[in-house]
Amino acid sequence: MQATKSFERAFLRQLLRVFRLSAVSYKSMSLQERKSAIKLSADVAMASARGSRKWTRGLIAKLSEEDEHRSFLRLILGTEYERLTKPCHGSWKIPRSKKIVRRSLRVCSRRKNNLRAPHGFKSSVLARTLVEKRTHALKRLVPGGESLDGYSLLDEALDYVISLRAQADLMQKLLTTFEASKLSALSKCTLPERKASFVGK
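Since this is a predicted model, take the numbers as computed values, not measurements.

## Some points on the nonpolar core
Here is step 1 of the chain: Residues F11, V44, M46, I60, L73 and L77 are the most contacted members of the largest nonpolar core, which totals 29 residues.
Here is step 2 of the chain: The set of elements that each furnish at least two residues to this core consists of α1 (5-22), α2 (31-50), α3 (54-63), α4 (67-77), α5 (80-85) and α8 (151-188).
Here is step 3 of the chain: Among the elements that line this core, the one with the most residues is α2, at seven residues.
Here is step 4 of the chain: L73 has contacts with V44, I60, L63, S64, G78 and Y81, leaving out every residue within four places of it along the chain.

As structure tokens, this is what we get:
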């Protein structure tokens with residue numbers, strides 16, 4: 001699965017907007033500070049481009065935990081900041097119909113009866129333990145995943161992974177474009193200008 005073109009356009013638009021608004025002077029920053037600033041900008045752009053998902057709220061809330069990020073996020077997101085950091089526990093529940101609940105209860109009672117048989121007990125306990133461990137690990141990986149379970153956790157994890165892949169691809173394309181434009185500008189320079197640019201470094 002891939003991110004849509006509209007998400008990619010929105011991400012690039014948001015990223016350029018973040019860079020313009022932050023107006024960071026990279027010359028005064030160390031390499032590690034530059035990496036952190038670019039990562040923060042890319043994460044904010046990804047979350048705001050994706051819109052109102054549970055993982056976007058979780059990501060913004062996680063980034064807001066640090067005081068230095070909070071003012072930056074308020075500047076970038078504006079009125080959206082309050083909405084994205086506000087917990088929405090009520091909307092995180094999956095609507096259930098009575099038929100589905102009754103059917104699942106019947107299936108659960110059958111499984112319990114089957115578990116009483118000694119031959120299937122060990123394998124089902126082992127399978128349940130593995131599923132619980134993997135679910136717990138997934139909850140830690142997905143921003144805001146601690147309050148999710150079952151289908152909603154898988155849905156949010158899938159959407160988050162697709163968005164992350166799109167973010168990485170777009171950042172790689174930006175880097176390639178930037179390097180190509182640098183080479184193009186350098187090739188247009190005359191020989192004395194090239195020497196001057198190397199001496200300046």
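Here the narrative resumes, following the displayed structure.
## Quick notes on α2
Here is step 1 of the chain: Between its first and last C-alpha atoms α2 spans 29 Å; for 20 residues at 1.5 Å apiece the expected length is 28 Å, and the two agree.
Here is step 2 of the chain: Among the residues of α2, those classed as buried are A37, L40, S41, A42, D43, V44, A45, M46, A47 and A49.
Here is step 3 of the chain: Immediately beyond the C-terminal end of α2, within one or two residues, lies G51, with a positive phi of roughly 90°.

## Focus: the side chain of D43
Here is step 1 of the chain: Inspection of the secondary structure puts D43 in helix α2.
Here is step 2 of the chain: Owing to a relative accessible area of 8%, D43 belongs among the buried residues under this scheme.
Here is step 3 of the chain: One polar contact links D43 to Q167, side chain to side chain, over a distance of 3.2 Å.
Here is step 4 of the chain: For D43, the residues in contact, after removing those within four places along its chain, are L59, L63 and Q167.

## Some words on the packing of α2 against α4
Here is step 1 of the chain: Two elements in contact, α2 and α4, have axes separated by 11 Å at closest approach and are oriented at 45°. With respect to α4, the axis of α2 lies oblique. Relative to α4, α2 is oriented so that their crossing is right-handed. Across the interface between the two elements, L40, S41, V44 and S48 of α2 pack against H69, F72, L73, I76 and L77 of α4.
Here is step 2 of the chain: A per-class count over the contact of α2 with α4 returns six nonpolar, three polar and no charged.

Calculation notes
- Residues numbered from 1 in each chain as written.
- Predicted model: local features only at pLDDT ≥ 70, side-chain atom pairs only at ≥ 80, totals over all residues.
- Heavy atoms only, no water.
- Core = buried A, V, L, I, M, F, W, Y, C linked by side-chain atoms within 4.5 Å.
- Buried < 20%, exposed > 50% of the residue type's maximum accessible area, 1.4 Å probe, protein only.
- Helix = DSSP H or I, 4+ residues; strand = E, 2+ residues; numbered from the N terminus.
- Contact = heavy atoms within 4.5 Å.
- Expected span 1.5 Å × (residues − 1).
- Polar contact = N/O pair within 3.5 Å; in protein donor to acceptor, adjacent residues only side chain to side chain.
- Axes fitted to C-alpha atoms, helices over the stretch in contact; angles between N-to-C directions.
- Parallel < 35°, antiparallel > 145°, perpendicular 65-115°, else oblique.
- Left-handed = near helix turned anticlockwise from the far one by under 90°.
- Nonpolar A, V, L, I, M, F, W, Y, C, P; charged D, E, K, R; others polar.

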